[in-house]
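# Tertiary structure, described
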Amino acid sequence: MKLKNLLIVALTAISVGVGAQSLSPSTKWHWDKGTIVVETPERPAGQEHVLGLTAPKMKTVRVAFVGLGMRGPGAVKRFCHIPGVEIVALCDYVKERAEACQADLRTAGLKPADIYSGEKGYEELCKRNDIDLVYIATDWNHHYPVAKFAMENGKHTAIEVPSAMNLEQCWSLIDLSEKTRLHCFILENCCYDEYELNTLAMAQDGVFGEIIRAEGAYIHGLEWFWDLYWKDPNDNDKDNLHWRMKYNMENRGDVYATHGLGPVAQCLNIHRGDRFTTLIAMDTESFVGKDWVKGKTGKECKEFRNGDHTTTLMRTAQGKVVEIQHNVMTPQPYNRLYKLTGTKGYASKYPTKSYALSSEAMKGTGAPKIDNLNAHGFMNEEQKTALEKKYYHPLQRKYGEFGRNMGHGGMDYVMEARLVYCLQNGLPLDMDVYDMAEWCCLAELGTLSMDNNCAAVTFPDFTRGYWNKVDGFKHVYATTEEETKAEADAKAYTAAQKKVTSDFKLWTLYDAVKTAKNPKAEQKKYEKALRKAKQALQAYTK
């Protein structure tokens, strides 16, 4: 039987091409009564779980950005507005894209960042000893190698989604986090959207009763975006498809599950009292995908691995069911579904933000009294407003208004400000490396299911036995005294950074290097001023 499994994996790997990444050659599985059982590797000797992992408090979070194409520049801009952050370095394959992000630092009055570029530019960046956090927003193929190298060089990582493309990468990052005791944070911004945070607060207070079913999705027609994605010169992209379309053509499964899955997983306390145990996946044929490739290349597309629409059904150890959908091909309104079905109520975000609650739902919650409440229809606007006012999430109260001014509904800024808050206060991060693995593994597990006639597939236990040791998902906060001090230190550092940048004329000297006939001489002047500025900065913030 084991030999048969190895042959199936090998043949599948050959059929999807060398560039395919949804399937891991190292994944071990076997059949048991018609179910594919994916094995959980033993925890290496000397490693311990990282549930509740903390790092020493960081008075200043020194961050470097790798990947400055579509998502990265916005992150740089937002970090310029988070107190107590120093942007140390900017890196992209294309040097000009990294240089362009300096404009946001200049506008904010912060000192220039060092620039890295090229295929391996991130390696020199990660070897520096003055970086705490590497923020990774590259194409999907480079999320894992950059994160791995950063953690091997002692850096915490924050990785755009999907943070890992297959089980092999998931397990590698888990082992690195457990071995190094470094954070590996999945940048799942949808967990910080206003509706998701508010309904999470409701769920935690029992408004919906026991949540028994949830739905999530990423339904977003990308027809206007395909040619805007980067074309990796090392990706053998002979048909000029650019990386994201090429990835969808070569790989099957829900390759972008985390926007839909992350928020509902938190409501269901996944690996904090419950865990996913089994999934079944189905997809449609590729109609739109194949047609797009044909229109682009002028050739018939004989094989397009990913279906236009993929549906994954999952069951948990506690008997809950989650449905996740993925469709970036057909013309539909943007939709993440986000539906919660509970024993006392129901929440649904799309197409309109709505709630339906039973007459018993509000008892004992301390929420405002709502008359004539039943679950046969959605709450009216007055009722909904009263409910949302009661459960307006503390993170939205703290960061939401400013975040909305930064675009994307504010969820990116809320996520990043909260990440920095946790690092500055030495707290566990909201999402750990096990969340990353659970939310990213649907690609490989779904592929195994669909490649085997939509068979049931078991989830490995990414916590390796600790999934029920934590009692529910919670955002952790510092005491008022600790928080006040951390915020004061953060504001003082940012003010001092702006002062030394101005006092030592760092941007004037930086620009002089670019325009000088003798750039080496001007570079020496800039570096001398930069050293003095850093010394002054340290003196200001002692």
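Since the model is a prediction, treat every value here as computed from it, not as a measurement.

## Structural notes on the side chain of Q325
Its location among the elements puts Q325 in strand β12 (residues 321–327). A polar atom in the side chain of Q325 sits 2.7 Å from the side chain of H309. Contacts of Q325, omitting those with residues within four sequence positions, involve G216, A217, Y218, I219, D254, H309, T310, T311 and L337.

## A few points about the nonpolar core
Among the nonpolar cores identified, the biggest contains 161 residues, and F65, I87, L125, Y135, L173, Y192 and F208 are the most heavily contacted of them. With 10 residues, helix α14 (residues 411–424) is the single largest residue contributor to this core. Once residues lying within four places of it in the same chain are set aside, the contact partners of L125 are A64, F65, V66, A89, C91, Y116, I131 and V134.

## Topic: unusual backbone geometry
Each neighbour pair has its own omega, and for V161 with P162 the value is -10°, a cis peptide bond. Within the secondary structure layout, P162 lies in the loop between β7 (156–159) and α7 (167–180). In the segment running from Y350 into P351, the intervening peptide bond is cis, with an omega of 0°. Look at Y338: it is not a glycine, yet its phi comes out positive at around 45°. You can call Y338 buried: its relative accessible area is 2%. Positive phi, normally seen in glycine, also occurs at K505, with a value near 50°. Within the secondary structure, K505 sits in the loop between α17 (480–503) and α18 (506–515).

Conventions and cut-offs
- Residues numbered from 1 in each chain as written.
- Predicted model: local features only at pLDDT ≥ 70, side-chain atom pairs only at ≥ 80, totals over all residues.
- Heavy atoms only, no water.
- Helix = DSSP H or I, 4+ residues; strand = E, 2+ residues; numbered from the N terminus.
- Polar contact = N/O pair within 3.5 Å; in protein donor to acceptor, adjacent residues only side chain to side chain.
- Contact = heavy atoms within 4.5 Å.
- Core = buried A, V, L, I, M, F, W, Y, C linked by side-chain atoms within 4.5 Å.
- Buried < 20%, exposed > 50% of the residue type's maximum accessible area, 1.4 Å probe, protein only.

That's the geometry; what it means functionally is another story.
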